Amino acid sequence: MNISQGKIAVLVDSTGYAILLPAIFNDFFTAMDDKIQLPPIGWFLKGVRYIALFVTVLMPSFYVAFTSYNPEILKLQITLLVAGSRATVPYPSFFEVLFMLLAMEFLTEASVRLPKAIGQTATTVGGLILGTAATEAGLVSNVMIILVAAVAITNFVIPINMMSSGIRVTKYLFIVLSILFGLVGIVLGMIAMILYLTSLRSFGQPYLRMFSMDWKRKGDQQSG
């Protein structure tokens, strides 16, 4: 399908992956199943993936910013709920976030390395035991467990594994910004990220173009 649209496919012997170029940001959120669905269903599924992108990247940093720097932005009931949940936690919110996210990263990597017969069972049981024990011991709050579960689930919604791995790293950059500057750091980080993505080009094509197109027809128009 990509070749028919004018893209180039690079195949390397003994490698199970193909490189498609040019590639834009929107391509990494498009699954092949979307092409056989009705257009409204495909648009809805792609919208869900973009929502998952913002949740997995920004939710941990927002938690740090709202609990440590800007609690007045939230409603009073939510602020009291979060404060009551963290009443027994002995360290700052950023340490709590990093501790749980790294624990989830360990479980994710373990699920990849373990045999398939026991990988899913071991990581599921390990996650349940870890979350329950950490909450009962007062090391993390109940809200933190919900947040980590939401971040882990939404990260796996991204259909392309390479983009999913990049997003896993990006959320730590926003956490560092929220630790240093609070909500202002998150806003500045989003602006810097958008400026960086808009400056990228994939073989002459804007990387942040939000809609795919027939690259062959576009090339013919430019050459004409």
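Across the interface, helix H3 (residues 93-113) lies against helix H6 (residues 161-181) with an axial gap of 11 Å and an inter-helix angle of 170 degrees. By the angle class used here, H3 and H6 are roughly antiparallel. Here Phe94, Val97, Leu98, Leu101, Leu102, Glu105, Thr108 and Glu109 of H3 lie close against H6, whose contacting residues are Arg168, Lys171, Tyr172, Ile175 and Ile179. Along the lines of polarity and charge, the residues of the contact of H3 with H6 split into eight nonpolar, one polar and four charged.

Our next topic: a nonpolar patch on the surface. Among the surface-exposed residues, Val176, Leu180, Phe181, Val184, Val187, Leu188, Ile191 and Leu195 lie close enough to one another that they form a single nonpolar patch of about 780 Å² accessible area. For the nonpolar patch, the secondary-structure elements that each account for two or more residues are H6 and helix H7 (183-199). If you tally residues by element for the nonpolar patch, the top one is H7, at five residues. Inspection of the secondary structure assignment puts Leu188 in helix H7.

Looking now at the pairing of strand S1 (residues 8-11). Where S1 meets strand S2 (residues 18-21), four bridges bridge the pair, whose relative direction is antiparallel. Within S2, the position partnered with Ile8 by the bridge is Leu21. Counting the residues between successive antiparallel strands, the hairpin from S1 to S2 contains six residues, one of them, Ser14, with a positive phi of roughly 70 degrees.

For the structure shown, the criterion picks out six salt bridges. A salt bridge links Arg49 to Asp34; its shortest N-O distance comes to 2.7 Å. Pair noted here: Arg49 is in helix H1 (residues 39-68) and Asp34 is in the loop between S2 and H1, with a separation of 15 residues, a long-range link. Here Arg49 matches Asp34 in class, with each residue buried. Between Lys171 and Glu105 there is a salt bridge whose closest N-O contact spans 3.3 Å. Of the two residues, Lys171 is situated in helix H6 and Glu105 in helix H3; the sequence distance between them amounts to 66 residues. Of the two residues examined, Lys171 and Glu105, each falls in the buried class. When salt bridges that share partners are traced, they join Glu105, Glu109, Arg168 and Lys171 into one network.

A complete count under the given rule lists one cavity of 30 Å³ or more for this structure. Of the pockets and cavities examined, the largest cavity occupies roughly 110 Å³. The wall of the largest cavity is formed by Leu101, Met104, Glu105, Thr108, Val148, Val151, Ala152, Asn155, Phe156, Arg168 and Lys171. Here the residues of the lining of the largest cavity are counted per class, giving six nonpolar, two polar and three charged.

Across the chain, the average pLDDT comes to 84, with 91% of residues at or above 70. Here helix H8 (residues 215-223) is the element of the chain with the lowest mean pLDDT, 52, and H7 is the one with the highest, 93.

On to the packing of aromatic side chains, then. Scanning the model with the defined rule gives six aromatic pairs in all. Pairing Phe25 with Tyr207 gives two aromatic rings, centres 6.0 Å apart and planes at 80 degrees, and the pair type is edge-to-face. One end of the pair, Phe25, is in the loop between S2 and H1; the other, Tyr207, is in the loop between strand S4 (205-206) and H8, and 182 residues separate them in sequence. Taking 5.5 Å as the distance between ring centres and 10 degrees as the angle between the ring planes, the aromatic pair formed by Phe62 and Phe66 counts as stacked. With Phe62 and Phe66 both in helix H1, this residue pair falls four residues apart, about one helical turn. Note on Phe66: relative accessible area 18%, which makes it buried.

What follows covers the layout of surface pockets. Taken as a whole, the largest pocket spans an internal volume of roughly 740 Å³. In terms of lining, the largest pocket is formed by 23 residues, of which the most central are Ala18, Leu20, Asp27, Phe28 and Ile160. Residue assignment for the lining of the largest pocket shows that the elements contributing at least two residues are S2 and H6. Per element, the largest residue contribution to the lining of the largest pocket is three residues, and it comes from S2. The class makeup of the residues in the lining of the largest pocket is 13 nonpolar, seven polar and three charged. Put simply, the second largest pocket is a space of about 580 Å³. Lining the second largest pocket we find 21 residues, and of these Phe25, Leu53, Thr170, Met193 and Leu197 sit closest to its centre. Among the secondary structure elements, those contributing two or more residues to the lining of the second largest pocket are H1, H6 and H7.

The rules behind these values
Numbering of residues starts from 1 in each chain and follows the order in which that chain's sequence is written. Thresholds applied to this predicted model are a pLDDT of at least 70 for local features of residues and 80 or more for the giving and counting of side-chain atom pairs; totals over whole chains, interfaces and linings are not thresholded and use all residues. Hydrogens and waters are ignored; side-chain quantities use all the structure's heavy atoms. Axis lines are fitted through C-alpha atoms, for helices just across the contact stretch, and the angle between N-to-C directions can take any value from 0 to 180 degrees. Put simply, DSSP marks the helices as runs of H or I at least four residues long and the strands as runs of E at least two long, and each gets a number from the N terminus on. Relative orientations are named as follows: roughly parallel for angles under 35 degrees, roughly antiparallel for angles over 145 degrees, roughly perpendicular for angles from 65 to 115 degrees, and oblique for any other angle. What makes two residues a contact is simply this: any of their non-hydrogen atoms within 4.5 Å. Under the grouping applied here, Gly and all other residues not named as nonpolar or charged are polar, the nonpolar ones being Ala, Val, Leu, Ile, Met, Phe, Trp, Tyr, Cys and Pro and the charged ones Asp, Glu, Lys and Arg. Patch membership needs two things, relative accessible area over 30% and no salt bridge, and members are linked within 9 Å if like-charged or within 5 Å if nonpolar (Val, Leu, Ile, Met, Phe, Trp, Tyr). For accessible areas, the Shrake-Rupley method is used with a probe of radius 1.4 Å. Any residue's cover is judged against the shown protein chains and nothing else. The term salt bridge refers to a pairing of a side-chain nitrogen on Lys or Arg with a carboxyl oxygen on Asp or Glu at a separation within 4 Å. The pairing criterion is simple: DSSP has to find at least two bridges between the two strands. For every residue, the accessible area obtained with a 1.4 Å probe (protein chains only) is divided by the maximum for its type, and the residue is called buried under 20%, exposed over 50%, and partly exposed between those limits. Cavities and pockets were defined on a 1 Å grid built from protein atoms only: a cavity is a group of points that admits a 1.4 Å probe but offers it no way out, a pocket is an open group of points flanked by protein on both sides within 12 Å along at least five of seven lines, and a lining residue is one with an atom within 4 Å of any such point. Grid points are joined across faces, edges and corners, and a volume is the space filled by probe spheres set on the points. pLDDT expresses how confident the predictor is about each individual residue, on a scale running from 0 to 100. Between the rings of Phe, Tyr and Trp (Trp by its six-membered ring), a pair exists once the centres lie within 6.5 Å; its type follows the angle of the planes, with under 30 degrees stacked, over 60 edge-to-face, and the other angles tilted.

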